[in-house]
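Spelled out from the first residue to the last, the chains are:
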Amino acid sequence: MPASLLVTSYVNPDLDGVAGAVAYGEFLAQTNQENTVAFIGELHQETKFVLNYFSLQHPLIIDNTDSFDQIILVDSSDLAALEGHINPAKVIEIIDHRSLHETDKFSNAKSQIELVGAAATLVAERFMNSHIVLSKSSAILLYSAIISNTLNFKGSITTERDRFAATYLNNIAELPSDYWRQLFTAKSDLSGSKLKATLAGDFATFSINNNRLGIAQVEVMNVKQLIASRVAEITEALTGLQSDNSLDFIFLNLLDLETGTNYLVTSDLNTQALLSSVFSASFANCVALNNPPLMRKQIVPLIKAELELNS
Ligand SMILES: [Mn+2]
């Protein structure tokens, strides 16, 4: 019997992880590599929106990866994000796009790490380069992931490869030019308890030189209004996450999907001092403007450099 192969992403994966893994599973199946695509944890609101809006099949959710012999990771390459659910020795391949990764801890994996805007771009390129036909449902997922990750091509993380892949994908997906607005409006609903759930849902921790850092990331339309009305709720939720996870530093990276504006939010004074020195950002009422706008995966290497400098 051939080894059973799982294609997955990190625990509580984002749209990029889900789209990338689903489409890469399709790619492998087309090349006669039998596989199962499944995820551990909860899908983000944004992913659920895309799946429901287009009536796409929801992916399989699993509790653990014990029954699989081999694993492929998409949009994921660090052990903390896998939360102990994956034996690194089982990982045979990694497709990711973050500069701070731990591919050295997966000794049996061949890795493709390229700093494009979305892992979805790397998966789309597999299809483009091989002339294997991509299904419309996977094209919709990958296209949505690129739009989301690049803030509709406004984020500084965007590359020409992302734009090129998106054009290829939308030739198949055939989505209207204002689709980004529907996607972003859907993910902007943080009413009531959704704010706290979103903060906790897209939260990542990092260990850098014996410092433990936690970064939440939220991308919404009309960030100004969110700040004006709910900063106290945000900082309270962050304080909770900080003590739950025993973190030295914690903040929210807040991005406006319409204007591309970026704010850093934290009530923790040590974190404010750290961010002020890394970004020359100045905090007022727990909020600082960050210019140019940066995504979390762009911020982490800069903080790492600062902490290593001072160690
Ligand atoms: Mn990604």
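Structure's up top.
For clarity, every value in this text was computed on a predicted model and none was experimentally measured.

Draft legend 1. Representation of the overall build of the chain. Within the chain, the secondary structure is distributed over 11 helices and 11 strands. Taking 19 Å as the expected radius of gyration for a compact globule of 311 residues, we find that the chain reaches 19 Å, a close match to that expectation. Oriented by its inertia axes, the alpha-carbon framework of the chain measures out at about 60 × 45 × 35 Å. Among the 311 residues that make up the chain, the fraction classed as buried is 54%. For the chain, the exposed area adds up to about 13,600 Å²; of that, 49% sits on carbon and sulfur atoms. On the chain, the mean spot of the 20 positive side-chain charges and the mean spot of the 34 negative ones are 3 Å from each other.

Draft legend 2. Examining the pattern of salt bridges more closely. Summed over the entire model, instances satisfying the criterion amount to 16 salt bridges. One salt bridge connects K187 with E219, and the closest N-O pair in it is separated by 2.6 Å. Residue K187 is found in helix α7 (residues 179–187), and its partner E219 is found in strand β8 (residues 211–220); the two are separated by 32 residues along the sequence. The exposure class of K187 is buried, given its relative accessible area of 13%. For E219, a relative accessible area of 11% corresponds to the buried category. A salt bridge links R296 to D202; its shortest N-O distance comes to 2.6 Å. Of this pair, R296 sits in helix α11 (residues 296–309) while D202 sits in the loop between α8 (194–201) and β7 (203–208); the two residues are 94 residues apart in sequence, bridging distant segments of the chain. Just as R296 is buried, D202 falls in that class too. One network of salt bridges, in which partners are shared, links E46, K187 and E219.

Draft legend 3. The arrangement of the coordination of the manganese ion in detail. Coordination of the manganese ion by the protein comes from D16 (OD), D75 (OD) and H97 (NE2), over a distance range of 2.1 to 2.3 Å. Within one chain, the residues donating to the manganese ion are spaced in sequence as D-x58-D-x21-H. Taken as a pair, D16 in helix α1 (residues 15–30) and D75 in the loop between β4 (70–74) and α3 (79–82) lie far apart in primary sequence, 59 residues in all.

Draft legend 4. Broad picture of the environment of V218. Here V218 is to be found in strand β8. Taking the relative accessible area as the measure of exposure, V218 reaches 2% and is therefore buried. Residues V218 and S188 lie 30 residues apart in sequence; the distance between their C-alpha atoms is 8.9 Å. Dropping the residues within four chain positions of it, V218 is found in contact with L190, T198, L199, L252, N253, L254 and L255.

Draft legend 5. Spatial organisation of the pairing of β7. The pairing of β7 with β8 spans 6 bridges and is classified as antiparallel. Each residue of the ladder has a partner; that of T205, found in β8, is G214. The loop that links β7 with its antiparallel partner β8 comprises 2 residues; one of these, N209, has a positive phi angle of about 50°.

Draft legend 6. Region of interest: the environment of F184. Position of F184 relative to the elements: it lies in helix α7. Taking the C-alpha atoms as reference points, F184 and E219, 35 residues apart in sequence, are found 8.2 Å from one another.

Draft legend 7. A look at the packing of aromatic side chains. Applying the stated rule across the entire model yields 7 aromatic pairs. An aromatic cluster of three or more residues is present, and its members are F49, Y53, F54, Y143 and Y179. When the ring centre of W180 is taken as reference, the NZ or CZ atom of K154 above it lies at 5.0 Å.

Draft legend 8. Structural view of the layout of surface pockets. Volume-wise, the second largest pocket comes out at about 230 Å³. Forming the boundary of the second largest pocket are V22, E26, V37, L51, L56, Q57, H58, P59, S135, S137, S138 and L141. The set of elements that each furnish at least two residues to the lining of the second largest pocket consists of α1 and α5 (136–149).

Scoring rules and cut-offs
- Residues numbered from 1 in each chain as written.
- Predicted model: local features only at pLDDT ≥ 70, side-chain atom pairs only at ≥ 80, totals over all residues.
- Heavy atoms only, no water.
- Helix = DSSP H or I, 4+ residues; strand = E, 2+ residues; numbered from the N terminus.
- Rg over C-alpha atoms; globule rule 2.2 N^0.38 Å.
- Buried < 20%, exposed > 50% of the residue type's maximum accessible area, 1.4 Å probe, protein only.
- Areas by Shrake-Rupley, 256 points an atom, 1.4 Å probe, with all protein chains shown as cover.
- Lys, Arg positive; Asp, Glu negative; His and termini not counted.
- Charge placed at Lys NZ, Arg CZ, Asp CG, Glu CD.
- Salt bridge = Lys/Arg side-chain N within 4 Å of Asp/Glu carboxyl O.
- Donors = N, O, S within 2.8 Å, 3.2 Å for Na, K, Ca; no water.
- Contact = heavy atoms within 4.5 Å.
- Pairing = 2+ DSSP bridges.
- Phe/Tyr/Trp six-rings, centres within 6.5 Å; stacked < 30°, edge-to-face > 60°.
- Lys NZ or Arg CZ within 6 Å of the ring centre and 35° of its normal.
- 1 Å grid on protein atoms, 1.4 Å probe; cavity = no way out; pocket = protein on both sides within 12 Å on 5 of 7 lines; lining within 4 Å.
- Points joined across faces, edges and corners; volume = space filled by probe spheres on them.

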